[in-house]
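# Commentary on secondary and tertiary structure
Each chain, letter by letter, is given below.
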Amino acid sequence: MHVSGGGTNSGRGLRVNGDPLWLRLLLIGSAITITGVLIVIPVVYVFVQAFADGPGAWWSQLTEDADTRHAVLLTLSVAPAAVLANTIFGLAAAWTLTRFRFRGRLLLLTLLDLPFAVSPVVAGLCILLIYGSQGWLGPWLKQAGVQVVFASPGLFLATTFVTLPFVARELIPLMESLGADEELAAVSLGAGPWQLFWRVTLPNIRWGLLFGVIQCHARAMGEFGAVKVVSGGISGQTDTMPLRVEKLFQEYNNPGSYAVASVLTLMALATLTAAWALEHWTNRRPTPSGKEL
Amino acid sequence: MSITIAGVSRRFGNFQALSGVNLQVPAGSLTALLGPSGSGKTTLLRIIAGLESADSGQVLFDDRDVTQLAARERGVGFVFQHYALFRHMTVAENIAFGLRVRKSPAADVNQRVQELLRLVRLEGLGQRLPTELSGGQRQRVALARALAVRPQMLLLDEPFGALDARVRQELRGWLRRLHQEMHVTTVFVTHDQEEAFEMADQVVVMNQGRIEQTGSPQQVFDHPATSFVMDFLGNVNVFHGRVTAGQLEAGPIRMAWSGYTQDEPRNATAYVRPHELEIDRHAEATALQATILQATPAGSLLRVRLLAEGYGVELNVDVVRERADQLQLRPGEQVFVRPKTARVFMPEPEYVI
């Protein structure tokens, strides 16, 4: 085989960089193998197991167990609540960090990444130490009649902590690149703060915001570690879907466990598809992400 | 509406952007804030608009103190260097923005938008998005948007800085005519002296957060108040020398200068514009001998670049065409250069204890 060191620009795509054939095959092959073994096979296997006894059995596994039904509902309320909180927080944080220069700004920017760096279990433990009955605020909360740990507020706190950076991290670089000029122009034209937000800022960041929200939601639904610590694992009360999967598995109820797992996976796939479609769609639109103005 | 700036200072961290600036902008005038980057001109403009706050000092519109007034209540039209058009809105929606946030009736808004599209000569482009327009068109949309709300003054931050030379020239003339028709008090920032002198009836030269000189273009050009102004106005020949008893000496050059009449010699710098130097073929005791490096025709002038070897000074001389034809100057030739007039600045003496 004749290998030229570049220069032949003959459109034979695979040969352009001049790497030998065996190396290309090795790299491509191992990429496909690793993806297959680590991602595709387990995901497919979840569905194979879930539907092993047919769709009817799958459906009854999901609907006939009251605790499982409750877990689905709990996840579908805790995750959106956490996403809502993080959307508001993310907007506020991105606005503050990109539109103002103040002392401690870099520190705040670094702290924003902490939930990504810290183990979720540690996050759950922190919530336990603060809000638990032995914790700092425990006695006071007990007096006020509010239960945080081993109840939905605890699940909400844990989920919110773990997914905190998603929206803000998506918005900060976007708003930085957009700059403040359009907002200043709107202000000088007489726009009030709400008009400014709804008419100028939000339309400019809507796709980035939506993308952040989708990612945040995917992560919020699947959160296990932090939630496990604060949930207390009370069936029918504080078990979210991931916790339910584990519990059913521990109880040797494999069909039930796989059924719930398959629903979680379906939700994740739907989220991914939405994010993917969104990215493709916005990339084809000329204006929203253009930096030219 | 006139603008008064009284003792305005602004600091960004360790950088003093403005220090104690005082300025009067007469009602209906077209004023240029001229200076190099970092001179504080944009900061001053933003403080007038209320987009930036002053650390100290006051801003008055006529007799009204607006220092504490929010930008949206100042009734100021602001035009940004990079247009800052709302990218998700059409041209018409951009122009209508200021009226819509004030809840003007829809019919009035549409009528005003059409009026402004005509004014900025963009009829028929109302439904385009900003990305579908050229730079010059975008800047005209930005102007229309600022004018739509009938502002009491128009502030422009390097309005033509991002445009190419031909479009810039065209827009300058257009803005000048627009100002003559509307007589709205206008302040614009520029680092281009040509732009300032061509358009403004008052030029404010700024440097390091201070105003160096304020006056008509003619005043500033003919009577620069400081050596910075002289230098900044550009393309000037600088001679370092000494003054004694009313006489300036710089190399062989001797000139009378009444600004300093004492006997003790002092350092001084003479600034001479290219058209104020004379080229001659005959030697003279008070002329500088120089070699022609280059002679370039430029309209009615011949731009000559010379090197005075004896002093290591490069000179720029503008010779009018008739005189140039007489002299027949060629690169490499030896000639004699003499100033007809000069502006002399003496640095503050440094006292040694």
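Everything quoted here is computed from the prediction, not taken from an experiment.

On to the overall build of chain A, then. Scanning chain A for helices and strands turns up 14 helices and 0 strands. Reading chain A from its N end, one meets helices and strands in the order α-α-α-α-α-α-α-α-α-α-α-α-α-α. Relative to its length of 293 residues, chain A is extended, with a C-alpha radius of gyration of 24 Å against a globular reference of 19 Å. Overall, the C-alpha framework of chain A stretches about 75 × 60 × 35 Å when taken along its three principal axes.

All right, on to the pairing of strand β17 (residues 301–308) of chain B then. Residues and elements named next belong to chain B. Note that strand β16 (residues 288–298) and β17 share 7 bridges and pair antiparallel. Each residue of the ladder has a partner; that of Ala-298, found in β17, is Leu-301. In this antiparallel pair of consecutive strands, β16 and β17, the connection spans 2 residues, and Gly-299 shows a positive phi of 60 degrees. Relative to strand β18 (residues 313–320), β17 runs antiparallel, the two sharing 8 bridges. When the sheet's bridge partners are listed, Leu-302 is paired in β18 with Val-319. Between the antiparallel neighbours β17 and β18 lie 4 residues, among them Gly-312 with a positive phi of about 65 degrees.

Below, the discussion takes up the confidence of the model for chain A. Residue and element names in this part refer to chain A. Mean pLDDT over chain A stands at 84; residues scoring 70 or higher make up 90%. Averaged pLDDT values over the elements of chain A bottom out at 81 in helix α7 (residues 138–144) and peak at 93 in helix α10 (residues 181–188). Low pLDDT (under 50) marks residues 1–14, which in the prediction has 6 contacts with non-local residues, meaning those over four places away or in another chain. This model gives residues 285–293 a pLDDT under 50, and the stretch forms 18 contacts once residues within four places in sequence are excluded.

With that out of the way, let us pick up the environment of Val-44 of chain A. Position of Val-44 of chain A among the secondary structure elements: in helix α1 (residues 21–50). Sequence separation between Val-44 of chain A and Ile-34 of chain A is 10 residues; the distance between their C-alpha atoms is 15 Å.

Here we come to the sheet that holds β16 of chain B. Residues and elements named next belong to chain B. Taken in spatial order, the 5 strands of this open sheet run β15-β19-β16-β17-β18, and their pairing is antiparallel. The sheet terminates laterally at β15 (277–280) and β18, the two strands that pair on one side only. Put simply, the sheet's adjacent strands are angled 45 degrees from each other on average, direction ignored. Relative to strand β19 (residues 334–339), β15 runs antiparallel, the two sharing 4 bridges. Following the sheet pairing, Leu-277 is matched in β19 by Pro-339.

So, on to the interface of chain B and chain A. One widely used convention gives an interface's size as the accessible area the parts lose upon coming together. Taken together, the contact between chain B and chain A spans 22 residues of the former and 21 residues of the latter. Listed by contribution, the elements that provide at least two residues to the side of chain B that touches chain A are β6 (76–79) and α2 (91–101) of chain B. Looking at the side of chain B that touches chain A element by element, the count peaks at 3 residues for α2 of chain B. When grouped by side-chain class, the residues that make up the side of chain B that touches chain A number 15 nonpolar, 4 polar and 3 charged.

Time to look at the confidence of the model for chain B. Averaged over all residues, the pLDDT of chain B is 89; the fraction at 70 or higher stands at 98%. For chain B, per-element mean pLDDT is lowest for strand β20 (residues 343–345) of chain B, which scores 82, and highest for helix α1 (residues 41–49) of chain B, which scores 95.

Residue and element names in this part refer to chain B. Tracing the chain through its elements places Ser-134 in the loop between α3 (106–119) and α4 (135–148). On the basis of neighbour counts, which here come to 11 C-beta atoms within 10 Å, the residue Ser-134 falls in the exposed class. Remark: the alpha-carbon pair of Ser-134 and Pro-331, spanning 197 residues in sequence, is separated by 43 Å.

Residues and elements named next belong to chain B. Reading across the sheet, the 6 strands line up as β6-β7-β8-β3-β9-β10 and stay open at both edges, with mixed pairing between neighbours. Each edge of the open sheet is held by one strand with a lone partner, namely β6 and β10 (210–215). Across the sheet, the mean angle from the axis of one strand to that of its neighbour is 15 degrees, orientation sign disregarded. As judged from the 4 bridges shared by strand β3 (residues 30–34) and strand β9 (residues 202–207), these two strands associate in the parallel manner. Paired with Thr-31 across the two strands is Gln-202, which belongs to β9. Set on the sheet, α4 makes contact with β6 and β7 (153–157); between it and β6 the angle comes to about 170 degrees.

Residue and element names in this part refer to chain A. An ideal rise of 1.5 Å per residue puts 16 Å on 12 residues; helix α8 (residues 152–163) measures up with 16 Å between its terminal C-alpha atoms. Among the 12 residues of α8, 10 are classified as buried, and the element is accordingly described as predominantly covered. Listed as buried for α8 are Gly-154, Leu-155, Phe-156, Leu-157, Ala-158, Thr-159, Thr-160, Phe-161, Val-162 and Thr-163. Looking at the buried positions of α8, the neighbouring elements they touch are α3 (66–99), α5 (114–117), α6 (120–131), α9 (165–178), α11 (193–222) and α12 (225–231).

Before going further, it helps to examine the pairing of strand β14 (residues 266–272) of chain B. All names here are of chain B. Pairing between strand β11 (residues 237–244) and β14: 7 bridges, direction antiparallel. Within β14, the position partnered with Arg-242 by the bridge is Asn-267. Direction of pairing for β14 relative to β20: antiparallel, over a ladder of 3 bridges. What sits directly across from Ala-270, in β20, is Val-344.

With that settled, the discussion passes to the packing of α3 of chain B against α4 of chain B. Residue and element names in this part refer to chain B. One way to put it is that α3 packs onto α4 with a least axis distance of 10 Å and a crossing angle of 140 degrees. On the basis of the axis angle, α3 is oblique to α4. Considering only the axes of α3 and α4, their crossing is right-handed. Here α3 contributes Arg-112, Leu-116, Leu-117 and Leu-119 to the contact with α4, which in turn contributes Ala-144, Leu-147 and Ala-148.

Here is what the cut-offs are and how they apply
Residues numbered from 1 in each chain as written. Chains lettered and ligands numbered in written order. Predicted model: local features only at pLDDT ≥ 70, side-chain atom pairs only at ≥ 80, totals over all residues. Helix = DSSP H or I, 4+ residues; strand = E, 2+ residues; numbered from the N terminus. Rg over C-alpha atoms; globule rule 2.2 N^0.38 Å. Pairing = 2+ DSSP bridges. pLDDT = per-residue confidence, 0-100. Contact = placed C-beta atoms within 7 Å. Axes fitted to C-alpha atoms, helices over the stretch in contact; angles between N-to-C directions. Nonpolar A, V, L, I, M, F, W, Y, C, P; charged D, E, K, R; others polar. Buried ≥ 20, exposed ≤ 12 C-beta atoms within 10 Å, placed from the backbone. Expected span 1.5 Å × (residues − 1). Parallel < 35°, antiparallel > 145°, perpendicular 65-115°, else oblique. Left-handed = near helix turned anticlockwise from the far one by under 90°.

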